[in-house]
Amino acid sequence: MTVHPQPGAMKAGFANPAAKTKLEIRQVWAHNLEAEFELIRSAPEKSPHVSMDTEFPGVIHNPSKHHAELTPSERYKSLKTNVDALHLIQVGLAFAATPDSPPSVALEINLREFDSRVHPHNRKSVTFLADNGIDFARNRVDGVEARKFADLLMSSGLVCPGPNNSVVTWVTFHPAYDFGYLVKLLTGLDLPDTLPEFLDLVRVFFGNEVYDVKHMMSRCPPLPGSLDRMAAALGVKREAGRSHQAGSDSALTWDAFRRIRDVYFAKEGVRGFAGVLHGLQLDLAAAGDEKGECGVISAAAATGNGNDSSNKRAVGGDGNGNSRNSRMVAPLPLR
């Protein structure tokens, strides 16, 4: 029998970043979703550094041109076509208390909507995910309803930063599809028609403190393109879980971010990378006009039917349709 710790016990993990404890990856299902969000609601103040990863059923629509020949707007058009047609499978969120601390806990939210028997998907990608541990049958029975997850995320304090909210730093690895699925989830609508509109929604929901490790790699000596191989080249060890699972990959992403920051950008810091998503190189802040408000977005989500900034170390100091788990998702460049 699996025993689920009480939320209060887990909050202590956020409150004590100096303690050297093994990373815990917590599985989130429908039965414990509310309890786990008690933990998440304390994150903006206690662990405001969040790394994120998602898993989804690959890519089914590919552009006619090679991804290297696509403009950012063309890449977004292909992304939108795929995200609008597919269902999110898993979301991983890893939380760190300080810019220099490892993740204290990672959550793996298993969603229930995707059913390979009836929904479009890339067969190789779904087989790959199953081979790496995702139990699709259990997801359908015990998984979290996407709408419920979106509602709780909207009220968690992690998204829609405002003047009275704690600043949350988001760290990702080649996250265009990740943010695509989350924006679809949070609005309850298909993605907007244009890239600037999409980037504006990313900024509204996630703020300007968004870092893409893949983009940072472009300013480093050559590093391998996938998350696993890049981390290995940097000497970053996976502390818990297995590859190609969103919770474990989100934690590895945070540790790889810290290593790249400290090795390659110790003097100048990494603030110059904030708000740029690899493959969609338009600045998030420049894309928005500062008029977006989450109250408007939240209202759309409610009616839709779609599936310490003061701490300088925080930021200053394949075209073959494979799954994101291999970090190679068309039409964006290889991960």
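Visitor: Mind laying out the pattern of salt bridges, listing which residues take part and the relevant values?
Guide: Charged atoms that come close allow side chains of opposite charge to pair. By the definition in use, this model includes 17 salt bridges. The network of salt bridges with common partners includes Glu24, Arg26 and Glu36.

Visitor: Tell me about the sheet that holds strand S1 (residues 24-28), and please be specific about residues and values.
Guide: Judged by pairing direction, the sheet is mixed, and its 6 strands sit side by side in the order S1-S4-S3-S2-S5-S6 without closing on themselves. The sheet is open, and its two edges are formed by S1 and strand S6 (210-212), each paired on a single side. Taken over all neighbouring pairs, the strand axes of this sheet differ in orientation by 20° on average, direction set aside. Bridge analysis of strand S2 (residues 49-55) against strand S5 (residues 169-172) gives 3 bridges, and the strand direction is parallel. Its bridge partner lying in S5, Val50 is registered against Trp170. In the packing of helix H8 (residues 176-187) onto the sheet, the strands contacted are S2, strand S3 (90-96), S5 and S6, and the crossing angle to S2 comes to about 90°.

Visitor: How would you summarise the pairing of S5 if you had to cite specific residues and measurements?
Guide: Residues Thr169 and Val171 of S5 are buried on one face, and the alternating residues Trp170 and Thr172, pointing to the opposite face, are buried as well. Pairing between S5 and S6: 3 bridges, direction parallel. Bridge pairing links Val171 to Tyr211 in S6.

Visitor: Describe the packing of H8 against helix H9 (residues 195-206), listing the residues and the values that go with them.
Guide: Interaxial distance between H8 and H9 falls to 10 Å at its minimum, and their mutual angle equals 75°. The angle between H8 and H9 places the two elements in the roughly perpendicular class. From H8, Ala176, Phe179, Gly180, Leu182, Val183, Leu186 and Thr187 reach across to H9, where they touch Phe198, Leu201, Val202, Phe205 and Phe206. Classifying every residue of the contact of H8 with H9 by side-chain character gives 10 nonpolar, 2 polar and no charged.

Visitor: So what's going on with the environment of Asn139? Which residues, and what values?
Guide: Position of Asn139 relative to the elements: it lies in helix H6 (residues 136-142). Separated by 27 residues in sequence, Asn139 and Arg112 place their C-alpha atoms 4.9 Å apart. Excluding its chain neighbours within four sequence positions, the residues that come into contact with Asn139 are Trp29, Ile89, Asn110, Leu111, Arg112 and Ile134.

Visitor: Mind laying out the environment of Val141, listing which residues take part and the relevant values?
Guide: In this fold, Val141 is placed in helix H6. Along the chain, Val141 and Ala30 lie 111 residues apart, while their C-alpha atoms are 9.1 Å from each other.

Visitor: Break down unusual backbone geometry for me, citing the residues and quoting the values.
Guide: With a phi angle near 60°, Cys160 is a residue other than glycine that sits in the positive phi range. Looking at the secondary structure, you find Cys160 in the loop between helix H7 (146-154) and S5. Even without glycine at this site, His244 takes up a positive phi of about 70°. Here His244 shows up in the loop between helix H11 (227-233) and helix H12 (246-264).

Visitor: So, the nonpolar core: which residues are in play, and what are the values?
Guide: Side chains of a nonpolar character, in soluble globular proteins, are inclined to be buried together. Among the nonpolar cores identified, the biggest contains 53 residues, and Leu158, Trp170, Phe198 and Phe206 are the most heavily contacted of them. Where this core is concerned, the elements lending two or more residues are helix H2 (33-41), S2, helix H4 (72-85), S3, strand S4 (105-110), H7, H8 and H9. Here this core gets 8 residues from one element, more than from any other, and that element is H8. Sequence-distant contacts of Phe198, defined by excluding residues within four places in its chain, comprise Tyr76, Ala176, Phe179, Gly180, Val183, Leu191, Pro192 and Leu280. Counting 23 residues, the second largest nonpolar core, distinct from the first, contains Val171, Ala231, Leu252 and Phe257.

Visitor: Now, about the pairing of S4: what can you tell me, with residues and values included?
Guide: In terms of residue burial, S4 counts as a mostly covered element, since 6 of its 6 residues are buried. Note that S1 and S4 share 5 bridges and pair parallel. Residue pairing across strands places Val28 opposite Ile109, the latter belonging to S4.

Visitor: Tell me about the side chain of Ser226, residues and numbers included.
Guide: Within the secondary structure layout, Ser226 lies in the loop between helix H10 (213-217) and H11. In this structure the side chain of Ser226 is engaged in a polar contact, spanning 3.2 Å, whose partner is the backbone nitrogen of Arg229.

Visitor: Residue-level account of H9, with values.
Guide: The end-to-end C-alpha distance of H9 is 16 Å, a good match for the 16 Å that 12 residues give at a rise of 1.5 Å each. With 10 of 12 residues buried, H9 lies mostly within the body of the structure. Residues of H9 that are buried include every one of Leu195, Phe198, Leu199, Asp200, Leu201, Val202, Arg203, Val204, Phe205 and Phe206, and no others. Count one or two residues on from H9 and you reach Gly207, which has phi positive near 80°.

Criteria and cut-off values
- Residues numbered from 1 in each chain as written.
- Predicted model: local features only at pLDDT ≥ 70, side-chain atom pairs only at ≥ 80, totals over all residues.
- Heavy atoms only, no water.
- Salt bridge = Lys/Arg side-chain N within 4 Å of Asp/Glu carboxyl O.
- Pairing = 2+ DSSP bridges.
- Helix = DSSP H or I, 4+ residues; strand = E, 2+ residues; numbered from the N terminus.
- Axes fitted to C-alpha atoms, helices over the stretch in contact; angles between N-to-C directions.
- Contact = heavy atoms within 4.5 Å.
- Buried < 20%, exposed > 50% of the residue type's maximum accessible area, 1.4 Å probe, protein only.
- Parallel < 35°, antiparallel > 145°, perpendicular 65-115°, else oblique.
- Nonpolar A, V, L, I, M, F, W, Y, C, P; charged D, E, K, R; others polar.
- Core = buried A, V, L, I, M, F, W, Y, C linked by side-chain atoms within 4.5 Å.
- Polar contact = N/O pair within 3.5 Å; in protein donor to acceptor, adjacent residues only side chain to side chain.
- Expected span 1.5 Å × (residues − 1).

From the geometry alone we can't say anything about function, so treat these as descriptive.
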